[in-house]
Amino acid sequence: MKLSVIGCGYLGAVHAAAMASIGHEVVGIDVDQRKIDALSKGEAPFFEPGLPEILSEGVASGRLRFTTDMAEAKGAKVHFIGVGTPQQKDGYGADLTYVNAAIDGLLPYLSEGDIVAGKSTVPVGTAAELTPRVEATGATLVWNPEFLREGWAVQDTIDPDRLVLGVSSRFARSTTEGGDAGSTTEGGDGHSTTGEEVDVVAVMKEVYAPPVAKGTPFIVTDLATAELVKVSANAFLATKISFINAMAEIAEVVGADVTQLADAIGHDARIGRKFLGAGIGFGGGCLPKDIRAFAARAEELGRGESVGFLRQMDEINMRRRDRAVQLVVDGLGGSVFKKNVTVLGAAFKPHSDDIRDSPALDVAVRLHGLGAWVTVTDPEAIANAQAKHPQLNYVEDRDEALRAADAVVVVTEWDEYRRQMSPEHVSTLTDGRVIVDGRNCLDAAAWRAAGWTYYGMGRP
Ligand code: UDX
């Protein structure tokens with residue numbers, strides 16, 4: 001099928017390449033010429049495992065191309081909107097400038113029967129607001145939220161755990177179907193007798209034919225529900241992380257171990273161990289801004305109190321960064337002034353070079369602000385970190401970065417630090433013996449046995 005993808009950031013670039021890899025003919029469109037130049041050469045403009053391979057394959061096959069010219073969207077059957085929705089500069093709501101610009105730019109090139117599929121994370125109600133503009137062209141607007149995790153984005157796009165499709169309420173059918181729920185896929189070319197609404201669902205099932213064929217849940221909802229699914233999923237994940245971090249705060253007072261606590265409650269299948277990793281908390285381009293935008297939208301709807309807890313989750317999350325900084329200060333005897341502090345990690349999580357709202361980098365910047373000489377290393381994120389915070393010292397080589405450190409802080413749990421860094425080896429690089437484990441990812445006993453003072457988050 002011919003597809004266009006408007007916006008070639010983390011979401012759009014991966015979506016475009018993934019759609020080409022499953023056989024579609026895809027044009028990716030973005031206003032950023034440098035991004036388009038890189039993508040056109042089959043180069044990923046950011047670090048994402050598996051993306052360079054499917055990009056270069058797609059470009060070489062001729063099924064995948066990139067342009068800044070919106071006119072090239074013409075002729076595609078489905079147009080995906082994958083632009084960013086950052087936090088507003090003067091508030092907590094989502095800034096919809098790019099969504100509006102994408103829709104406005106696309107309108108002249110839409111044809112009768114086209115589908116515009118929103119993937120961006122938007123405040124509930126956005127799709128309903130955009131619908132009249134899209135429908136005036138004879139096209140249909142659907143909302144098809146994306147749940148991909150950075151670091152696993154390719155796999156999450158090609159083989160998602162569920163597909164959600166919001167359609168206009170006048171033909172919404174509240175159904176959850178296994179992928180092969182056959183009847184709606186027949187006649188998906190527009191000659192079906194089952195009507196317009198089924199066509200839209202059938203076309204979208206054809207787009208996602210491989211996951212649909214293997215029985216991936218395909219949930220058809222109204223537009224508002226689809227929008228809410230996305231923000232509530234992220235709100236739940238953020239809440240899970242902040243819940244365990246709240247337990248870490250209690251554990252710190254009584255000398256309990258939050259990692260054992262998480263293991264123990266995680267065995268309850270209703271709770272589950274995933275996303276109970278206590279540490280310096282969540283960051284990145286999604287969870288922080290999405291919970292804020294959700295709270296702001298709920299306020300607008302007169303239901304601020306319903307998600308008032310999200311503000312507390314946000315506060316717990318931010319407090320954990322303070323805690324990590326405090327542990328370094330304590331570990332160095334009350335002051336970090338003129339002390340060498342090596343910060344291991346800058347990305348907001350491993351397998352990513354993304355530093356948007358990175359708790360790791362925030363801890364580094366705060367330590368610098370307290371007068372420490374901060375050296376930062378990261379396997380992938382140094383270039384991004386350096387561009388944003390040039391005041392810090394960046395060193396590519398981990399061991400070089402560790403040399404002469406008075407204190408070491410692990411803030412991103414890359415394997416390079418978690419598995420491939422023995423305390424005995426680090427002891428040969430520095431006389432410092434203070435380690436703060438901001439991700440509770442190290443073997444505390446091993447570090448202590450090697451003569452280090454180990455501080456975890458919510459651990460004795
Ligand atoms: C998230 C959602 O998981 C994804 O479904 C959505 O589409 C986009 O937002 P992502 O931002 O890639 O994905 O990161 P995620 O893996 O969710 O991690 C978010 C943050 O939480 C990271 O900073 C991570 O370090 C932190 N985290 C995660 C914890 O602090 N503890 C945990 O147990 C898990």
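Definitions and limits used
- Residues numbered from 1 in each chain as written.
- Predicted model: local features only at pLDDT ≥ 70, side-chain atom pairs only at ≥ 80, totals over all residues.
- Heavy atoms only, no water.
- Helix = DSSP H or I, 4+ residues; strand = E, 2+ residues; numbered from the N terminus.
- Rg over C-alpha atoms; globule rule 2.2 N^0.38 Å.
- Contact = heavy atoms within 4.5 Å.
- Areas by Shrake-Rupley, 256 points an atom, 1.4 Å probe, with all protein chains shown as cover.
- Lys, Arg positive; Asp, Glu negative; His and termini not counted.
- Charge placed at Lys NZ, Arg CZ, Asp CG, Glu CD.
- Near = heavy atom within 4 Å.
- Polar contact = N/O pair within 3.5 Å; in protein donor to acceptor, adjacent residues only side chain to side chain.
- Domains from an automatic or database assignment.
- Buried area = accessible area lost by both parts, 1.4 Å probe.
- Salt bridge = Lys/Arg side-chain N within 4 Å of Asp/Glu carboxyl O.
- Nonpolar A, V, L, I, M, F, W, Y, C, P; charged D, E, K, R; others polar.
- Pairing = 2+ DSSP bridges.
- Axes fitted to C-alpha atoms, helices over the stretch in contact; angles between N-to-C directions.

1. Quick notes on the overall build of the protein
Right, so step 1: When you go through the protein residue by residue, the secondary structure sums to 18 helices and 15 strands.
Right, so step 2: Computed over its C-alpha atoms, the radius of gyration of the protein comes to 24 Å, within 12% of the 23 Å expected for a compact globule of 460 residues.
Right, so step 3: Considering only C-alpha atoms, the protein reaches an extent of 75 × 45 × 40 Å along its principal axes.
Right, so step 4: Of the contacts formed within the protein by residues at least 6 apart in sequence, a portion of 72% connects residues at least 24 apart.
Right, so step 5: Accessible area for the protein stands at about 19400 Å²; split by element, carbon and sulfur atoms hold 52% of it.
Right, so step 6: When the 45 basic and 63 acidic side-chain charges of the protein are each reduced to a single mean position, those positions are 4 Å apart.

2. So, the site of the ligand
Right, so step 1: Around the ligand, the structure places 20 residues, and the nearest of them are Phe147, Leu148, Glu150, Gly277 and Lys349.
Right, so step 2: Between the ligand and Leu148, the relevant distance is 2.8 Å, taken from an oxygen atom to a main-chain nitrogen or oxygen of the residue.
Right, so step 3: One of the side-chain N or O atoms of Lys349 is found 2.9 Å from an oxygen atom in the ligand.
Right, so step 4: Protein coverage of the free-state accessible area of the ligand, which is 670 Å², stands at 90%.
Right, so step 5: Broken down by element, the residue count for the shell around the ligand peaks at four residues, all from helix 9 (residues 223-254).

3. Re the domain arrangement of the protein
Right, so step 1: On domain assignment, one finds that the protein holds domain 1 (2-158) and domain 2 (237-456).
Right, so step 2: Of the roughly 1400 Å² buried where domain 1 meets domain 2, counting both sides, 55% is carbon and sulfur surface.
Right, so step 3: A per-residue breakdown of the area domain 1 buries against domain 2 is headed by Phe47, Tyr92 and Glu150, which together make up 43% of the total.
Right, so step 4: Glu150 is paired through a salt bridge with Arg356; the nearest N and O atoms lie 3.1 Å apart.
Right, so step 5: Scanning the region where domain 1 abuts domain 2 turns up nine residue pairs in polar contact (both at pLDDT 80 or more).
Right, so step 6: Classifying every residue of the side of domain 1 that touches domain 2 gives 10 nonpolar, six polar and two charged.

4. Topic: the sheet that holds strand 13 (residues 407-410)
Right, so step 1: Pairing within the open sheet is parallel, and its six strands lie in the order 12-11-10-13-14-15. Strand pairing shows two members of the sheet lacking a second neighbour, strand 12 (393-394) and strand 15 (453-455), which therefore form its edges.
Right, so step 2: Taken together, the five bridges between strand 10 (residues 340-344) and strand 11 (residues 373-377) define a ladder with parallel strand orientation. Pairing of Val341 across the sheet is with Val374, part of strand 11.
Right, so step 3: Its contacts with the sheet place helix 12 (residues 309-331) against strand 10, strand 13, strand 14 (434-437) and strand 15, and it is angled at close to 170 degrees to strand 14.

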